Amino acid sequence: MAKKRKLRSKKHIGQIPGSVIYTGEKQDHKLFIEAFDYNKGMHIEKELLDVEECFNFEHGTVTWININGLNHVHAIERIGEHYELHPLVLEDIVNISQRPKIDEYDDYLFVVLKMLYYDTNEKIVSEQVSFVLGPEYVLTFQESEGDVFDSVRERIRQGKGRVRSMGADYLLYALMDAIVDHYFSVIEILGNKIEDFETNIFSGNVDEDISQNIQNLKREILRVRRAIFPLREIISRMEKGDNSLIEPKTITYFRDVYDHLIQVSENIDIYREMIWSLMDMYMTTISNKMNEVMKVLTIMASIFIPLTFIAGIYGMNFEYIPELQYRYSYFILWGVMIVMFIAMLFYFKRKKWL
Amino acid sequence: MAKKRKLRSKKHIGQIPGSVIYTGEKQDHKLFIEAFDYNKGMHIEKELLDVEECFNFEHGTVTWININGLNHVHAIERIGEHYELHPLVLEDIVNISQRPKIDEYDDYLFVVLKMLYYDTNEKIVSEQVSFVLGPEYVLTFQESEGDVFDSVRERIRQGKGRVRSMGADYLLYALMDAIVDHYFSVIEILGNKIEDFETNIFSGNVDEDISQNIQNLKREILRVRRAIFPLREIISRMEKGDNSLIEPKTITYFRDVYDHLIQVSENIDIYREMIWSLMDMYMTTISNKMNEVMKVLTIMASIFIPLTFIAGIYGMNFEYIPELQYRYSYFILWGVMIVMFIAMLFYFKRKKWL
Amino acid sequence: MAKKRKLRSKKHIGQIPGSVIYTGEKQDHKLFIEAFDYNKGMHIEKELLDVEECFNFEHGTVTWININGLNHVHAIERIGEHYELHPLVLEDIVNISQRPKIDEYDDYLFVVLKMLYYDTNEKIVSEQVSFVLGPEYVLTFQESEGDVFDSVRERIRQGKGRVRSMGADYLLYALMDAIVDHYFSVIEILGNKIEDFETNIFSGNVDEDISQNIQNLKREILRVRRAIFPLREIISRMEKGDNSLIEPKTITYFRDVYDHLIQVSENIDIYREMIWSLMDMYMTTISNKMNEVMKVLTIMASIFIPLTFIAGIYGMNFEYIPELQYRYSYFILWGVMIVMFIAMLFYFKRKKWL
Amino acid sequence: MAKKRKLRSKKHIGQIPGSVIYTGEKQDHKLFIEAFDYNKGMHIEKELLDVEECFNFEHGTVTWININGLNHVHAIERIGEHYELHPLVLEDIVNISQRPKIDEYDDYLFVVLKMLYYDTNEKIVSEQVSFVLGPEYVLTFQESEGDVFDSVRERIRQGKGRVRSMGADYLLYALMDAIVDHYFSVIEILGNKIEDFETNIFSGNVDEDISQNIQNLKREILRVRRAIFPLREIISRMEKGDNSLIEPKTITYFRDVYDHLIQVSENIDIYREMIWSLMDMYMTTISNKMNEVMKVLTIMASIFIPLTFIAGIYGMNFEYIPELQYRYSYFILWGVMIVMFIAMLFYFKRKKWL
Amino acid sequence: MAKKRKLRSKKHIGQIPGSVIYTGEKQDHKLFIEAFDYNKGMHIEKELLDVEECFNFEHGTVTWININGLNHVHAIERIGEHYELHPLVLEDIVNISQRPKIDEYDDYLFVVLKMLYYDTNEKIVSEQVSFVLGPEYVLTFQESEGDVFDSVRERIRQGKGRVRSMGADYLLYALMDAIVDHYFSVIEILGNKIEDFETNIFSGNVDEDISQNIQNLKREILRVRRAIFPLREIISRMEKGDNSLIEPKTITYFRDVYDHLIQVSENIDIYREMIWSLMDMYMTTISNKMNEVMKVLTIMASIFIPLTFIAGIYGMNFEYIPELQYRYSYFILWGVMIVMFIAMLFYFKRKKWL
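Attention here is on the structure that accompanies the text. These numbers come from a predicted model, not from an experiment. Throughout, a residue's number is its position along its own chain's written sequence, starting from 1. Labels follow written order: the first chain is A, the first ligand is 1, and so on. This being a predicted model, a pLDDT of at least 70 is required before a residue's local features are given, and a value of 80 or more before pairs of side-chain atoms are given or counted; all residues contribute to the totals for chains, interfaces and linings. To obtain the side-chain values, all non-hydrogen atoms of the structure were included, while hydrogens and water were left out.

Stacked, edge-to-face and tilted are the three classes for Phe, Tyr and Trp ring pairs, Trp counted by its six-membered ring, which pair at centre distances within 6.5 Å; planes under 30 degrees apart are stacked, over 60 edge-to-face, the rest tilted. Counting across every chain of the model gives 103 aromatic pairs over all chains. Chaining the aromatic ring pairs together yields one cluster made of A:F309, A:F318, A:Y320, E:F304, E:Y314, E:Y330, E:F331, E:W334 and E:F341. One residue, B:K218, lies across the ring of B:W276, its end atom 3.8 Å from the ring centre. Charges are assigned to positions over rings by a cutoff of 6 Å between ring centre and Lys NZ or Arg CZ, combined with an angular limit of 35 degrees from the ring normal. Over the aromatic face of E:Y320 sits the side chain of D:R327, whose NZ or CZ is 4.1 Å from the ring centroid.

Right, let's get into the sheet that holds strand β2 (residues 43-48) of chain C. Residue and element names in this part refer to chain C. Any two strands with at least two DSSP bridges between them are considered paired. Secondary structure elements follow DSSP: runs of H or I no shorter than four residues count as helices, runs of E no shorter than two count as strands, and numbering proceeds from the N terminus. Strand order across the open sheet formed by 7 strands is β2-β1-β3-β7-β6-β5-β4, with mixed pairing between neighbours. The open sheet is flanked by β2 and β4 (101-104), the only strands paired with a single partner. For this sheet, the mean inter-axis angle between neighbouring strands, taken without regard to orientation, is 15°. Note that strand β6 (residues 124-133) and strand β7 (residues 137-142) share 5 bridges and pair antiparallel. Bridging from a neighbouring strand, V129 pairs with Q142 of β7. The angle between two axes is taken between their N-to-C directions and runs from 0 to 180 degrees, where each axis is a line fitted to C-alpha atoms and a helix contributes only its stretch in contact.

Below, the discussion takes up the relation of the copies chain D and chain E. The copies are overlaid by a least-squares fit using only the C-alpha atoms of residues whose pLDDT is at least 70 in both copies. Mapping chain D onto chain E calls for a screw motion: a turn of 72° about the axis and a shift of 0.1 Å along it, with 0.1 Å RMSD after fitting. A rotation of that kind, with that shift, is consistent with a five-fold axis. Closest approach to the rotation axis within chain D is made by the C-alpha atom of D:G315, at a distance of 4.7 Å. Between two residues, a contact is recorded if the distance between any of their heavy atoms is within 4.5 Å. When the interface residues of chain D are mapped onto chain E, a mere 18% of them are again interface residues, pointing to distinct binding faces.

Contacts between the two partners involve 66 residues from chain B, matched on the other side by 71 residues from chain C. Together chain B and chain C conceal approximately 6300 Å² of surface at their shared face, both sides included; 62% is due to carbon and sulfur atoms. Salt bridge, as applied in this entry: a Lys or Arg side-chain nitrogen positioned within 4 Å of an Asp or Glu carboxyl oxygen. For the interface between chain B and chain C, the tally reads 7 salt bridges. For C:E266, the salt bridge identified is with B:R226, shortest N-O distance 3.4 Å. A 3.5 Å cut-off defines polar contacts: any pair of N or O atoms within that distance qualifies, except that in protein one atom must be a possible hydrogen donor and the other a possible acceptor, and neighbouring residues in sequence count only when both atoms are side-chain atoms. Here chain B and chain C share 19 residue pairs in polar contact (both at pLDDT 80 or more) between them. Elements with a contribution of two residues or more to the side of chain B that touches chain C: α1 (2-8), α3 (87-94), β4 (101-104), α6 (209-239), α7 (248-313), α8 (322-325) and α9 (329-350) of chain B. Think of it as three bins: nonpolar holds Ala, Val, Leu, Ile, Met, Phe, Trp, Tyr, Cys and Pro, charged holds Asp, Glu, Lys and Arg, and polar takes everything else, Gly as well. By residue class, the composition of the side of chain B that touches chain C is 33 nonpolar, 14 polar and 19 charged. Two parts lose some accessible area (1.4 Å probe) when they are put together, and adding that loss for both gives the buried area.

Attention now goes to the environment of B:E52. Residues and elements named next belong to chain B. Note that E52 resides in the loop between β2 (43-48) and β3 (62-68). Partly exposed describes any residue whose relative accessible area lies between the buried limit of under 20% and the exposed limit of over 50%, with all areas from a 1.4 Å probe on protein chains only and scaled to the type maximum. Judged by its relative accessible area of 36%, E52 is partly exposed. In the structure, E52 is positioned 27 residues away from I79 in sequence and 8.2 Å away in space, judged by C-alpha atoms. Side chain to side chain, E52 and R78 meet in a polar contact 2.8 Å long.

The subject of this paragraph is helix α2 (residues 73-82) of chain A. Helical geometry: 3.6 residues make up each α-helical turn, so side chains three or four residues apart lie on a common side. Residues and elements named next belong to chain A. Among all positions of α2, only V73, A75, I76, I79 and G80 are buried. Seen along its axis, α2 keeps its buried residues to an arc of 160°; they face one direction. Exposed positions of α2 whose direction lies more than 90 degrees from the buried face are H74 and E81. Looking at the buried residues of α2, the elements they touch are β3 (62-68), α3 (87-94) and β7 (137-142). Within two residues after α2, E84 carries a phi angle of roughly 55°, on the positive side. Each C-beta atom gives one direction from the helix axis, and the arc is the one those directions make.

Quick look at the structure:
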């Protein structure tokens, strides 16, 4: 149900291009703005109460403004105005069904990513994060609070690593790296799920739900692919160094993110191939089971149908059946039947059906 | 039937190149011409009664002439003459089985798209729309009235958005964007259909029609793909900005359409993969059902065939069968049979066939 | 048989490169040469009796010489000498198993195509047509008379369209266009065949020949693909306008042929995908049929085997079976059996096997 | 067994790069060197007894030295020294599991091909042939005598064709063309094998070996693909004419070889697709057979189980069964049974199981 | 279990970029440093006791320092400091789940490869080896002692081949060549495994484990692919000769490694295709087996069910059954039954079920 609604809202058909309309479901979320301002020597961390406060930061420092709550479109329009963002950029920020992409404008770089995590129901959630990289600032836009950026925050606060001594481009790198890092934990869970399936199928625990679960897993992988694969092109473009906003010494770092991304992508493709072949395994298992059922039937029928026929013969009421009068007939017949029974068992044994 | 006829009419084999011959089926449709003429300050909207009226618009304004009724080839030839369109352009306008394409001429740009919608029978209809973009005009050609351009009309009338303050290239963008926007609603219906199939297959509601329906769905997806995929190349070419008719500031907007198109294409490919795997699911379901049938047969046969054999034994007419005389034989036999019955049940229970 | 022979003759292994050896089967075909010579003002149409007559045409006109009968290798060598064709060109003309290709020489352009049509046995025939385009002439070489060029002939005769007012390059276009146009009718027949298969499979009319027919259809599509697909590259190269023999104003027309070709190719690919999925449908249909057979067996066996067992019980000859003496036993037993019968029917009804 | 040994010997792990070590199995083969020396006016053909004789040819003629017997590594090293070949070239010449490749050195061109033929056991044999093209010489290296070059030898001897009037590059072309020509006969045999399979499967002659044979055929095609496909890139590179050793007028001829190669490759891909679909056909045939088996069982069981039940009824020993006393009961019962029998037959007829 | 742990440790999520953290499992491994220092005239081989000793080598010689024990991160950081390696390089050296890659820095080249071998449990182990190539040195980093470089060591010691007379770039080549050479032995074992499967399946030895084993084999091939395929791009980049650290005369040798790599890759792809088709074979074998089971059942049932019916007829207790009184009835009946039996056998013989 949720899925259908989402698709419908992907685009408000017929809307004016550049309209800033939030397309998500978290309509009554509180606006939460957080700001970091730092250089090599100092750092300030603030929770902003008002959008206007976003514009008070000095030059010469790197400013990171993290806006949570895309439903507050007016605040976002106000920020867009101040930083002179193109109307289409604002539209894309609040339209949460964007495909990951990079748009290069004269004074800034606009990047849309997907943050992936498993929610409490073990479902993959894909949340859109938009970045605007200016000469001395990075803006990040998220639907709601809660993200994977805590390690970056900590590094800014404690001055660990290089983040405080480098520019806004390095901050962008650090944030994107945090997101890509998190992909590893998502695909790890995926990998474990696939292994569980394998174990189940191989141990013969195949209930009918399994094909539904495989289908669901396929769809999950498709979704993850869709969130991650476009990113390769994005980072590859950043790494090429055409853009004046990204300094040469930062490019090495983007190359590192690119390597991680290729690693994630390869894993996804391997999982994809494995899940397709799981389906084959499953079919084989079903066929094997049917084979087993058929063998039981065939063995039972092949043994007892001829014996029943013999019993039927001597149940006939003909007046003259010579065997009937003979005193040991009954016992001889039992002997014959037991011999037939054993012969049958040998036959099936030799055919490896038993 | 309709399908076959359409293919046959795709091309009148042996016709002279540049012949303006309408290949559709709406032979007696009325000609309907609608014109918008606007600039930043004003707009005129007219329903034209005669083709000649198309040529009266002043310079300095953007003119949109929307011609409905491709069967009126003489009117179209008259327009082609006035705007100095190449004979092959006119041929392509009235040949409704064109593949989406873009042709760049010296003074104008010729674009053919497919407008997709579901008709009342839940069938996908693909209607051809041709655009001619000149320096100050856009011509659109449709088979019949009724389109997805109402939002654009409204924006021109009310001066909302940027359309009135930009040139003819922006108008072209707005119209193409309206068509691409509508693709989202088509693929959404497709997506819902696939989900319904999944639900049906997983719940075991598999009648024999299902494979026919899946085949139909596959074909629908193929048709949609065919209408949408060539568009990517078209818009990508427009976005590259080689053409003097499209101004740099409009290119950003075409890039936006391109993003939407990639999103639609990705969805189509995901649906395609899902439907191929649905077929697998269906096969598995059939095999599972057969397994179940076989189990019932095997259980019934395996239990009762041996019991019947025993009953047959004591139905024999041998004169000397010692058990027959014994008074409690019958009851003992019942006991034995019930024990066998229960043992069998246990056996099948342990094999998880029950 | 014919097929095997053809492949064997594809190349006379070990022959000298440039040897003009006819590889087809129409060894005793009469040589038939037809010539058109025209400009804007006039046209001459002749049936030539001798090869030497081919060389008498004046400058300033477009000359089309159509040679039928590739077995007359000496005539072809004579023509090659006059028009200074490369020996490999002559070899390719008479080697009828060429792949469609274009070879650019200094003074002329050499193009090999395949003309496709269904013969009277509903088999696809692929006949090779070679074109040589010089500055003022077009030579066409065919195995035998009978082609798809009648519409072009008519246009030359009657001066319809542009053909008389344009150069030899336009004539080449017109002839190639005629061939490509004819592809539409071939793939239309293919499409109808596939639809007939679908109808058959869906209606359950599946005899064992169907898989053979599908295999044949697959092979037909492979052959058509092979004839048509290389053409795309050929025309795409012509359309790029590197060659001085093709004038800029004619290029627009080649672009048109290219569009048609893409359309044909797309249809072929769609048919190909449909036929692969037909095979799946067929497998599903077989499985469904087996399911149905199994159900009938299971129902019959499950109902009557237990009843037969009961009858067997009271056929036993034990001296003391209390029920046997009771007067209404027989009727009660019938009652029990009918109840069991009905219960079974209900059970199978609920399982939707009936 | 042979196969395993071969793979193991592919590369002597840990050997020094440039070591000239023969990796084939023909260890005790006699060295056989054959030389042709010719120009337009004359030709000399010699069987050389000693490697040193290879170096006595004059300038101004084309020299072809054909060395058979790769186990004679010292002779080959001696030749390499004289012609100043790179050590890696010598290593590649005697390592018979090279992939087809071209290496361009300053003064010469090194090409490795695979010669394919069917041996007497109907197995495809792939023998490596190495070519070194210098300004006035061609060296060819083969494992053992016996090749497909006889037609070239004959042309040199008799001065037929262009070979005597062109340079060493044309000789290289002629030799490679001879190899590619021979591919046609190999793939023709492959094609015939596939057709035989088809005929067998369609006529129902499916023993269990068929899947093994199909697997073998698949592997043969893979091997042929592997030998032929890299060649396309090689010849395509030669045809591009960057190399000063290949003259412009010879390039046309390499283009011709390229065309043949594409034709061979296409056939291989078609065969590959056909063989994959053969497997499908085979599966369908098996399923159809099982269907038939099931039908026989179902018909027999469905007809006789109910009849046996009825017979069982009147075999019961109840004291009071009214029908038993009635004189015509037996005959009436027969009537009833025959009617049931016929009804069943009708039912199965209508279901098209008979 | 091990596999899961490994994936989890791929990246310490949230760690600072450039942190040198060992991600493997060999935490308590001893540090072992081995050094070679040589030029044309001499060579020194030392086991170093302390990291500081690494920095004592003179100029004018080639120095190879082989560091084993990635858990000693401080030693590695110390080396990184001395050779001025980028922090990300150090991070990649100790992060053992890198994808094979090449990173070009100003003064050095950083290459990560995977060394593949089968361990004692017949499992493929993939161990990471990192190379740093400077102007006069090569550093290699391995998790633990034991590698495939013995042949290179021997060549340095004994001055065999070119290694002593060439630069550090040639040493890098020799080491990488040793690794690639070893791939051949790995894929050979893979190939043998696949052949064993084939033999098993074709001989009908199909237990249920086979599908699990095939799945495992598929995964092994995926892992090998993943280790080997990225290498092609790496070596292809080295071979292009953009880098000043690799001299032109060494490039020929890298081209040779590239050829070997292509050969390995092709083999892997062939194995991959073969294993996919093995699965098909397996399915066919299962179906064939089921067919056989069904035939036995059908034959037994079809022969004895009608006979049992006939016996049932004459077991009925009707007072008037004329045949019962006739003296030879019993024998005649036996005759009839034997005839029926033989007729059935003939019927099944003709159907080729026997």
